[in-house]
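Below are the chains, spelled out letter by letter.
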Amino acid sequence: MKLLKCFVWSQTSETEQTALLQRPTMESNKNISVQVAEILKTVKSGGDSALRDYTQKYDNVKIENFKVSEDEITAGYNKTSESLKDSLRVAIQNLQTFHQAQIQTPLKIETMPGVVCEKRTVAIEKVGLYIPGGTAPLPSTLMMVGVPALVAGCSEIRLVTPPQKDGSIHPVILTAASLLGLKNIYKCGGAQAIAALAYGTESIPKVNKIFGPGNAWVTEAKMQVAYDPTGAAIDLPAGPSEVLVIADAMASAEFVAADLLSQAEHDTASQVILVTTSQQMADAVEDQLQRQLETLSRRDIAKVALSSSRCLLAESVQQAMEISNAYAPEHLILHVENPYTVANTVKNAGSVFIGPWSPESVGDYASGTNHVLPTYGYARAFSGLSLESFTKSISFQELSAAGLKRIGPHVSNLAAAEGLDAHERAVSLRLASLINNNGTPL
């Protein structure tokens, strides 16, 4: 039985093409909306007590103190091998290098004589970091959200992550937090953790913006609190991982299959799509998937993910890119001749991996780019996480008397055209004052 069902793109109708590019989790999100709303409402009113109830219900863990102690952080750090610590340090360093390069220089410009405009970037003060637990610990996600928060200069950083069955946090998560210098860590996951960050509880202070990916419940919770004026802003709609690989006849089927499986093993709700110009390549990739799948420790998860994945046969690399831009993948891998040239035609993608020696895994862990990326097709309008996500821009303006004399009449005309008398008067009174008192010499 084939792992990837193949479809010839040019032989499918427009309706069929739309269906082929659907994500498997979109429909399920509608079903959990009401339940998530109830969780948010209960935590908002019940605080820590509600958190304890939900933690016991969903994680089967009884938690008394949500905050992780310094002794627990130290113990987790000491349990982690020096080799893994070195790898974490390398990843952190590369992330710091890439995100520090994104620091913006303050902008100050005189738009016309006597009219000065500025844009200054400041850090968001209070941020919450959600680190998924689920079927595997994700220190990589902690680094992806923790590093830019620190580089930006966020003054209060709160970290929430689901507890293990024994009520502890996985040692590698605590090690990554220790290397980053993060101390406000809480044993809490799921939609209830998003509620705690958005509204605050006795143990977990409210934040201004929430970062980090999660399952469908977490994603739905983030969307709901973002729409609530009393809630919190969010980074982007980031859910189950997905990848689209474009491969021509020159690609390595072994590499392509490995890239597809690297995303399929994330979650049963993950989706992988192969778009190829070669039937022979499609067959070779299928053979490699069958071989490599059996060697994976998470093969059962990957197999379920592959059941909602597919192979699309395109007439050309150009058509393959059109399919990709329509799908707007979280990750896009280009296994084609002249991949850099093809990369110039990307319009919608979270992160792009160019050529045979750029596996998506490096972006997940240590290249320096951020792996918190838009899924569900949100890459059509959203960017992945960056330093800018942890900052806000504030505009400033300063006018001299001479500047107001120049621009004032135009502002008065525009205000009058909109029927906003007080706007017009705020300018005309000042202009009259300058005339009556001879003003400042031009």
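These figures come from a predicted structure and were not determined experimentally. (Residues numbered from 1 in each chain as written. Predicted model: local features only at pLDDT ≥ 70, side-chain atom pairs only at ≥ 80, totals over all residues. Heavy atoms only, no water.)

A. Looking closely at the overall build of the chain. Helix and strand counts for the chain stand at 16 helices and 14 strands. Dimensions along the principal axes, computed over C-alpha positions, put the chain at roughly 90 × 60 × 45 Å. Buried residues in the chain amount to 49% of all 442 residues. Partitioning the intrachain contacts of the chain with sequence separation of at least 6 by distance along the chain shows that 76% fall at a separation of at least 24. Accessible surface, the chain as shown: approximately 21300 Å² in total, 52% of it carbon and sulfur. With 36 positive and 44 negative side-chain charges, the chain shows a spacing of 7 Å between the two charge centroids. (Helix = DSSP H or I, 4+ residues; strand = E, 2+ residues; numbered from the N terminus. Buried < 20%, exposed > 50% of the residue type's maximum accessible area, 1.4 Å probe, protein only. Contact = heavy atoms within 4.5 Å. Areas by Shrake-Rupley, 256 points an atom, 1.4 Å probe, with all protein chains shown as cover. Lys, Arg positive; Asp, Glu negative; His and termini not counted. Charge placed at Lys NZ, Arg CZ, Asp CG, Glu CD.)

B. Local environment of helix 4 (residues 82–100). Relative to the 27 Å expected for 19 residues at 1.5 Å per residue, helix 4 spans 26 Å between its end C-alpha atoms, a close match to the ideal helical length. Looking at helix 4, one finds that the buried residues are Lys85, Leu88, Ala91, Ile92, Leu95 and His99. Looking straight down helix 4, one finds that the buried residues subtend no more than 125° of arc, so they occupy a single side. On the buried face of helix 4, the contacting elements are helix 3 (70–79), helix 5 (139–152), helix 6 (171–180) and helix 14 (360–365). (Expected span 1.5 Å × (residues − 1). Arc of directions from axis to C-beta.)

C. Highlighting the side chain of Ser278. Its place among the elements puts Ser278 in the loop between strand 10 (271–276) and helix 10 (279–293). Engagement of the side chain of Ser278 in a polar contact is seen with the backbone nitrogen of Gln280, the distance being 3.3 Å. In terms of polar contacts, Ser278 uses its side chain to reach the backbone amide nitrogen of Met281, at 3.0 Å. Ignoring any residue separated from it by four or fewer positions in sequence, one finds Ser278 in contact with Ala249 and Leu313. (Polar contact = N/O pair within 3.5 Å; in protein donor to acceptor, adjacent residues only side chain to side chain.)

D. Local environment of the packing of helix 3 against helix 6. Remark: helix 3 packs on helix 6, axes separated minimally by 7 Å, with the N-to-C direction vectors making an angle of 105°. Relative to helix 6, the element helix 3 lies roughly perpendicular. The residues of helix 6 that touch helix 3, namely those facing Glu72, Ile73, Gly76, Tyr77 and Lys79, are Pro171, Leu174, Thr175, Ser178 and Leu179. Partitioned by chemical class, the residues of the contact of helix 3 with helix 6 number five nonpolar, three polar and two charged. (Axes fitted to C-alpha atoms, helices over the stretch in contact; angles between N-to-C directions. Parallel < 35°, antiparallel > 145°, perpendicular 65-115°, else oblique. Nonpolar A, V, L, I, M, F, W, Y, C, P; charged D, E, K, R; others polar.)

E. Seen up close, the packing of aromatic side chains. Applying the stated criterion across every chain yields a total of six aromatic pairs. On the numbers, 5.7 Å between centres and 90° between planes, the contact of Tyr378 with Phe382 is edge-to-face. By the ring-pair criterion, three or more aromatic residues cluster together here, those being Tyr54, Tyr58 and Trp217. In this structure, Arg23 is placed above the aromatic ring of Tyr327, and the distance from its NZ or CZ to the ring centre is 3.6 Å. (Phe/Tyr/Trp six-rings, centres within 6.5 Å; stacked < 30°, edge-to-face > 60°. Lys NZ or Arg CZ within 6 Å of the ring centre and 35° of its normal.)

F. Here's a closer look at the pattern of salt bridges. With the rule as written, the count across this model stands at nine salt bridges. A salt bridge links Lys44 to Asp228, with the shortest nitrogen-to-oxygen separation between them at 3.7 Å. In this pair, Lys44 is assigned in helix 2 (residues 26–59) and Asp228 in the loop between helix 8 (216–227) and strand 8 (233–234), connecting sequence segments 184 residues apart. Given the relative accessible area of 43%, Lys44 is considered partly exposed. Across the salt bridge formed by Glu118 and Arg120, the nearest N and O atoms sit 3.2 Å from each other. (Salt bridge = Lys/Arg side-chain N within 4 Å of Asp/Glu carboxyl O.)

G. Geometry of the sheet that holds strand 14 (residues 391–399). In spatial order, the strands read 2-3-14; together these three strands make up an open sheet with antiparallel pairing. Only two strands of the sheet have a single partner each, and these edge strands are strand 2 (107–112) and strand 14. Within the sheet, the average angular offset between the axes of one strand and its neighbour, ignoring direction, is 20°. Running over the sheet, helix 15 (residues 401–417) touches strand 2, strand 3 (115–123) and strand 14 and is turned about 95° from strand 14. (Pairing = 2+ DSSP bridges.)

H. Geometry of the environment of Ser389. The topology assignment puts Ser389 in the loop between helix 14 and strand 14. Leaving out residues up to four positions away in the same chain, Ser389 has contacts with Ile124, Lys209, Phe211 and Gly384.

I. Focus on helix 15. In this model, helix 15 (17 residues) spans 24 Å end to end at C-alpha, consistent with the 24 Å of a helix rising 1.5 Å per residue. At Ile407, helix 15 shows its largest bend, some 45°, and a proline, Pro409, comes one to four positions later. Turning to helix 15, its buried residues are Ala402, Gly403, Leu404, Gly408, Ser412 and Ala415. A positive backbone phi angle near 75° is found at Gly419, which sits one or two residues after helix 15. (Bend = angle between axes of the 7 residues up to and from the residue.)

J. Layout of a nonpolar patch on the surface. On the surface, Val122, Ile394 and Phe396 cluster together to form a nonpolar patch covering roughly 200 Å² of accessible area. Counting through the fold element by element, Ile394 comes out in strand 14. For Ile394, a relative accessible area of 34% puts it in the partly exposed group. (Patch = residues over 30% accessible without salt bridge, like charges linked within 9 Å, V, L, I, M, F, W, Y side chains within 5 Å.)

K. Representation of the side chain of Thr141 within the structure. Mapped onto the secondary structure, Thr141 falls in helix 5. Thr141 gets classed as buried once you look at its relative accessible area, which sits at 2%. Polar side-chain contacts of Thr141 include one of 2.9 Å to the side chain of His371. Once residues within four sequence positions are removed from consideration, Thr141 is found in contact with Tyr130, Ile131, Pro132, Pro213 and His371.

L. Layout of the sheet that holds strand 10. Read across the open sheet, the six strands follow the order 1-11-10-9-12-13; overall the sheet is parallel. Looking at strand neighbours, the two that pair on one side only are strand 1 (5–8) and strand 13 (351–354), the edges of this open sheet. Strand-to-strand twist in this sheet, taken as the mean axis angle between neighbours without regard to direction, amounts to 20°. In terms of strand pairing, strand 10 meets strand 11 (residues 310–313) through four bridges, oriented parallel. Bridge assignment links Val275 to a residue of strand 11, and that residue is Leu312. Sheet strands in contact with helix 10 are strand 1, strand 9 (242–247), strand 10 and strand 11, and its direction is about 145° off that of strand 10.

Limitation: the analysis is restricted to geometry and does not speak to function.
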